[in-house]
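So you can see what is in the structure, the chains are spelled out below.
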2 protein chains.
Amino acid sequence: MVEPTGLEQMVCFQLYAASRAMTGLYRPALDALGLTYPQYLAMRVLWQRGDITVRDLGTILDLDSGTLSPLLKRLETQGLVRRERGTTDERTVIVGLTDRGTALRDQAAHVPERIACAVDLTDDEFAQLHHLLGKVRASVTTTI
Amino acid sequence: MVEPTGLEQMVCFQLYAASRAMTGLYRPALDALGLTYPQYLAMRVLWQRGDITVRDLGTILDLDSGTLSPLLKRLETQGLVRRERGTTDERTVIVGLTDRGTALRDQAAHVPERIACAVDLTDDEFAQLHHLLGKVRASVTTTI
DNA sequence: CCGTTACTAGTTGCGCACAACTTAATTGCG
DNA sequence: CGCAATTAAGTTGTGCGCAACTAGTAACGG
């Protein structure tokens with residue numbers, strides 16, 4: 001689809017570097033909440049959707065139990081999350097918010113605007129980028 | 001620059017997910033070479049530029065010595081790279097390719113095309129994505 | 001009903017990332 | 001020159017990501 005020497009390599013590296021730069025941008029705001037970026041993503045899903053199995057959380061975040069189990073254990077240790085076995089299917093574990101976890105939502109409310117201000121893209125460019133990243137993810141994941 | 005509730009969050013997550021998906025796409029090809037993706041990036045810089053200090057390598061890859069030192073040590077253990085103190089400035093360490101490291105370039109030559117074929121973007125879209133990621137990186141890093 | 005197969009979480013091990021710190025060398029300023 | 005400030009690389013500690021594996025549960029086919 002493209003000459004193989006430079007461009008697509010550059011795109012992949014740009015992706016890798018831009019992703020790390022963006023999570024670095026979140027770091028100060030999230031440090032104040034005591035969260036890492038992946039923990040923040042998990043909390044966002046919980047704030048939006050409430051109780052959820054580890055499996056479904058993994059599907060949404062594109063992470064497996066090898067990553068999520070210890071991450072959720074740390075959130076549980078912080079008192080933000082509780083975990084309990086599913087009743088109908090005892091293989092599953094259902095993750096839910098504690099009161100402290102629910103309360104954190106308000107403190108985290110200001111985070112996205114702090115980020116948006118720092119990234120110098122127009123609405124159109126945001127939408128374009130979103131579209132292109134979606135295409136990349138779709139084509140890469142279907143390639144498996 | 002944008003309503004703070006959804007879009008920019010999605011973009012950041014898309015970036016995070018797309019980056020991991022892309023490195024996952026490299027994995028089979030790089031496994032065959034015995035390299036991880038960050039190791040492959042370091043080798044690419046060495047193939048292009050020859051001897052380089054750890055500092056300059058870090059500037060190019062946007063990584064610090066905390067990441068590079070152990071990574072380069074592993075490449076050295078594999079016999080792909082040698083490290084020696086700079087003569088004029090003994091604080092620096094100059095990284096260079098061994099014969100085995102140089103030879104690996106030919107085996108790695110086919111990697112980029114394998115990736116490009118799997119990502120379903122036109123040349124224009126690749127260029128757009130490259131441009132937008134560059135803007136993100138630039139605005140994020142200058143924000144520091 | 002029973003055994004095989006599939007599925008869900010969790011664990012282990014390794015290699016990043018990154019913050020914080022250490023060591024050693026250089027630079028700069030009085 | 002002499003010493004403080006700066007710089008380069010390395011070390012330590014924590015938290016991902018992901019492969020490979022384990023334990024326990026559910027589903028299914030005969």
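Computed from a predicted model, the values in this text were never measured in an experiment. (Residues numbered from 1 in each chain as written. Chains lettered and ligands numbered in written order. Predicted model: local features only at pLDDT ≥ 70, side-chain atom pairs only at ≥ 80, totals over all residues. Heavy atoms only, no water.)

### Brief notes about the packing of aromatic side chains
Inference 1: Under the definition given, this model contains ten aromatic pairs over all chains.
Inference 2: Both rings, one in A:Y37 and one in B:Y16, keep their centres 5.7 Å apart while their planes meet at 80 degrees; by these two values the pair is edge-to-face. Linking A:Y37 in helix α2 (residues 37–49) with B:Y16 in helix α1 (residues 7–33), this pair reaches from one chain into another. For the pair A:Y37 and B:Y16, a shared accessibility class is recorded, and that class is buried.
Inference 3: Measuring from centroid to centroid gives 6.1 Å for B:F13 and B:Y16, while their planes differ by 45 degrees, and the two rings are tilted. Of this pair, B:F13 and B:Y16 are both found in helix α1, three residues apart, which corresponds to roughly one turn of the helix.
Inference 4: The buried category is assigned to B:F13, whose relative accessible area is 13%. (Phe/Tyr/Trp six-rings, centres within 6.5 Å; stacked < 30°, edge-to-face > 60°. Helix = DSSP H or I, 4+ residues; strand = E, 2+ residues; numbered from the N terminus. Buried < 20%, exposed > 50% of the residue type's maximum accessible area, 1.4 Å probe, protein only.)

### With respect to the pattern of salt bridges
Inference 1: Enumeration according to the criterion identifies twelve salt bridges over all chains in this entry.
Inference 2: A salt bridge links B:D51 to B:R82, with the shortest nitrogen-to-oxygen separation between them at 3.5 Å. Of this pair, B:D51 sits in the loop between α2 (37–49) and β1 (52–53) while B:R82 is found in strand β2 (residues 81–85), placing the two residues 31 residues apart along the sequence.
Inference 3: Residue classification places B:D51 among the partly exposed positions, given a relative accessible area of 49%.
Inference 4: Residue B:R82 is classed as partly exposed on the basis of its relative accessible area of 30%.
Inference 5: One salt-bridge network, held together by shared partners, links A:D51, A:R82 and A:E84. (Salt bridge = Lys/Arg side-chain N within 4 Å of Asp/Glu carboxyl O.)

### Regarding the protein's contact with DNA strand C
Inference 1: Close contacts around DNA strand C come from 25 residues, with A:Y16, A:S65, B:T36, B:Q39 and B:R74 the closest.
Inference 2: When the atoms of DNA strand C within 4 Å of the protein are sorted by group, sugar and phosphate make up 81%.
Inference 3: Residue B:Q39 places a side-chain N or O atom 2.7 Å away from a phosphate oxygen belonging to DNA strand C.
Inference 4: Interatomic distance of 3.5 Å between a backbone N/O atom of B:G66 and a base nitrogen of DNA strand C.
Inference 5: Sorting the residues of the surface near DNA strand C by element identifies α1 (7–33), α3 (54–61) and α4 (65–77) of chain A together with α2 and α4 (65–77) of chain B as the ones contributing at least two each.
Inference 6: In terms of residue class, the surface near DNA strand C is built from five nonpolar, ten polar and ten charged. (Near = heavy atom within 4 Å. Polar contact = N/O pair within 3.5 Å; in protein donor to acceptor, adjacent residues only side chain to side chain. Nonpolar A, V, L, I, M, F, W, Y, C, P; charged D, E, K, R; others polar.)

### Comments concerning the protein's contact with DNA strand D
Inference 1: Around DNA strand D, 25 residues are found, and the nearest of them are A:T36, A:R74, B:Y16, B:R55 and B:S65.
Inference 2: The side chain of B:R20 places a nitrogen or oxygen atom 2.8 Å from a phosphate oxygen of DNA strand D.
Inference 3: Those elements that provide at least two residues to the surface near DNA strand D are α2 and α4 of chain A together with α1, α3 (54–61) and α4 of chain B.
Inference 4: Residues belonging to the surface near DNA strand D are distributed by class as follows: five nonpolar, ten polar and ten charged.

### With respect to the packing of α2(A) against helix α5 (residues 99–108) of chain A
Residues and elements named next belong to chain A.
Inference 1: In the contact formed by α2 and α5, the axes pass within 10 Å of each other and the chain directions differ by 110 degrees. The angle between α2 and α5 falls in the class roughly perpendicular. Contact residues: Y40, M43 and W47 in α2; G101, T102, L104, R105 and A108 in α5.
Inference 2: Considering only residue class, the contact of α2 with α5 consists of five nonpolar, two polar and one charged. (Axes fitted to C-alpha atoms, helices over the stretch in contact; angles between N-to-C directions. Parallel < 35°, antiparallel > 145°, perpendicular 65-115°, else oblique. Contact = heavy atoms within 4.5 Å.)

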